[in-house]
Amino acid sequence: MIGAIKAQVQSTIDEFTSMNFRQLLLQGTNLGLIVTSALMIWKTLILVTGSESPVVVVLSGSMEPGFYRGDILFLNMGTAPVRAGEVVVFSLDGRDIPIVHRVIKVHEKSHEDLDILTKGDANYGDDRALYNPGQKWLQQEHIMGRVIGYLPYVGQVTIIMNDYPYVKYGLIGALAVFVLTSKE
Amino acid sequence: MHTWLYRGNALFTAASTTLAGLCILATLTDLAHPSNPQIQRPFVSVEGLQKESGMDRAYLKLNLTADLSSLFTWNTKQAFIYVKAEWQTASRPINQAVLWSHIAQNAREAVLELPHLHVQYPYTLTDRGVDLLGQPFNVSVGWQTVPHAGALFAGSRSFSGYQFSSERAPVPRYMPGRAWS
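Keep in mind the model is a prediction, meaning the values are calculated, not measured.

Here we come to the overall build of chain B. Helix and strand counts for chain B stand at one helix and ten strands. Reading chain B from its N end, one meets helices and strands in the order α-β-β-β-β-β-β-β-β-β-β. Against the globule reference of 16 Å for 181 residues, chain B gives a C-alpha radius of gyration of 23 Å, more extended than a compact globule. Principal axes of the C-alpha set define a box for chain B whose edges measure 85 × 30 × 30 Å. Counting across all 181 residues of chain B, residues that qualify as buried make up 42%. At a minimum sequence separation of 6, the contacts of chain B that also span at least 24 residues come to 68%. Here chain B displays about 9,400 Å² of accessible surface, and carbon together with sulfur accounts for 58% of that area. Across chain B, the mean location of the 14 positive side-chain charges is 6 Å away from that of the 11 negative side-chain charges.

Next up on the list: the domain arrangement of chain A. All names here are of chain A. Each assigned domain of chain A is listed with its residue range as follows: domain 1 (2-49 + 163-181) and domain 2 (55-153). Listed per partner, the contact involves five residues of domain 1 and six residues of domain 2. Summed over the three residues of domain 1 that lose the most area to domain 2, namely Trp42, Thr49 and Asp163, the buried surface amounts to 89% of that side. The interface formed by domain 1 and domain 2 includes zero salt bridges. Where domain 1 meets domain 2, there are one residue pair in polar contact (both at pLDDT 80 or more). Element by element, the count of residues in the side of domain 1 that touches domain 2 is highest for helix α2 (residues 21-49), at four residues.

Judged by nonpolar contacts, the single largest core of 53 residues is most densely connected at Ile81(B), Leu99(B), Leu125(B) and Phe164(B). If you tally residues by element for this core, the top one is strand β4 (residues 76-87) of chain B, at seven residues. Aside from chain neighbours lying at most four places away, what touches Leu99(B) is Leu60(B), Leu62(B), Val83(B), Lys84(B), Ala85(B), His118(B), Val119(B), Gln120(B), Tyr123(B) and Leu125(B). Among the nonpolar cores identified, the runner-up in size contains 14 residues, and Val58(A), Met63(A), Val147(A) and Leu152(B) belong to it.

Let us now look at the interface of chain B and chain A. A common way to express how large an interface is: the accessible area buried when the components associate. Facing the 37 residues of chain B at the interface are 39 residues of chain A. Regarding the contact of chain B and chain A, the summed buried area is about 3,200 Å², with carbon and sulfur atoms giving 57% of it. Inspection of the region where chain B meets chain A yields two salt bridges. For Asp115(A), the salt bridge goes to Arg128(B), with nearest N and O atoms at 2.3 Å. Here chain B is connected to chain A by 15 residue pairs in polar contact (both at pLDDT 80 or more). Listed by contribution, the elements that provide at least two residues to the side of chain B that touches chain A are α1 (4-31), β4, β5 (94-104), β8 (136-147) and β9 (150-151) of chain B. Here strand β6 (residues 143-151) of chain A runs beside β9(B); their pairing, made up of two bridges, is antiparallel. Bridge pairing in β9(B) places Gly149(A) opposite Ala151(B).

A few words now on the side chain of Lys77(B). Mapped onto the secondary structure, Lys77(B) falls in strand β4. A distance of 2.7 Å separates a polar side-chain atom of Lys77(B) from the backbone oxygen of Gly66(A). A polar contact is formed between the side chain of Lys77(B) and the side chain of Tyr150(A), at a distance of 2.7 Å. Not counting residues within four places of it along the chain, the set of residues in contact with Lys77(B) comprises Pro65(A), Gly66(A), Tyr68(A), Asp71(A), Tyr150(A), Phe72(B), Ala104(B), Gln105(B), Val146(B), Pro147(B) and His148(B).

Attention now goes to the packing of helix α3 (residues 156-163) of chain A against helix α4 (residues 165-181) of chain A. Residue and element names in this part refer to chain A. The contact between α3 and α4 brings their axes to 4 Å, and the two run at 110 degrees. Taken together, the axis directions place α3 and α4 in an arrangement best described as roughly perpendicular. Here Ile160, Met161, Asn162 and Asp163 of α3 come into contact with α4, specifically with Pro165, Val167, Lys168 and Leu171. When grouped by side-chain class, the residues that make up the contact of α3 with α4 number five nonpolar, one polar and two charged.

So, how was this worked out
Residues numbered from 1 in each chain as written. Chains lettered and ligands numbered in written order. Predicted model: local features only at pLDDT ≥ 70, side-chain atom pairs only at ≥ 80, totals over all residues. Heavy atoms only, no water. Helix = DSSP H or I, 4+ residues; strand = E, 2+ residues; numbered from the N terminus. Rg over C-alpha atoms; globule rule 2.2 N^0.38 Å. Buried < 20%, exposed > 50% of the residue type's maximum accessible area, 1.4 Å probe, protein only. Contact = heavy atoms within 4.5 Å. Areas by Shrake-Rupley, 256 points an atom, 1.4 Å probe, with all protein chains shown as cover. Lys, Arg positive; Asp, Glu negative; His and termini not counted. Charge placed at Lys NZ, Arg CZ, Asp CG, Glu CD. Domains from an automatic or database assignment. Buried area = accessible area lost by both parts, 1.4 Å probe. Salt bridge = Lys/Arg side-chain N within 4 Å of Asp/Glu carboxyl O. Polar contact = N/O pair within 3.5 Å; in protein donor to acceptor, adjacent residues only side chain to side chain. Core = buried A, V, L, I, M, F, W, Y, C linked by side-chain atoms within 4.5 Å. Pairing = 2+ DSSP bridges. Axes fitted to C-alpha atoms, helices over the stretch in contact; angles between N-to-C directions. Parallel < 35°, antiparallel > 145°, perpendicular 65-115°, else oblique. Nonpolar A, V, L, I, M, F, W, Y, C, P; charged D, E, K, R; others polar.

In structure tokens, the structure reads:
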């Protein structure tokens, strides 16, 4: 195994040293293209779904047995106002991590002015305990989107990358080497 | 250059592409599935209606007879089934409150026969003001399915013609979730 890794590193170095300036430039452009197209896909998704974060990873078990930690959810904002029974993703003022929970109450004055209360399917009580002190309701601006699609397990990769940053750097490095040395 | 790293990369790419394709196909089969939930119109009685912390709160009892087993396909992980009430007041044209919910993890658990369904904690039917008296309201039975992989599907059936009592009435002792007043 170690021998194989050594051989791999050696061949990668050889690959680089055998390149001339033009080849290096070409491979660098390839890497740039891949990064920018990934960014373009993400921004297009934001535009199409109307949600600022169209794909989220479930981080807690409060929606079990539907959604487990590490599952991926696809969001869509849509134009219709939020209704009781839907699963939404909301982010509270001053907090980084968005929450995926179900809407259990809606009191609406107009489509722009509505009070929303949420609850996790696996939680005993409603979310007032989770909201900021004194906050009793969510408003439309807290809502990031409603859940329309589900994919299990895949988000586990990002959880591992967040918990162990070196895995993330390693993966990004490996991908960069792949792109820079591939000759096709 | 065909080293183990490149072969591993090719294998991983091929496997994930195939898996993604299978997930999309599985979702497409859900679209072709005709579901036909059977829900009987519930009898709803307002057992009590009182002011709590300056807001009207109604205590309902209803019977639920429903068969939602047809929601389940081979790609359905769970169905979230809920009962909600909807009413209007002068200041707020739309008020919705979930009263009861149930998670069915297979078709058998989606067959419901509940003759005495009460509002379940922490759900409450509470107005934002004191405008419930004599108001008409709807009761709907809704559902949302979560797949093993793919799209979530939701639906509901609404029943209208119910009315809150025109006077406040004390809440009977036996009502679950009764607040002390």
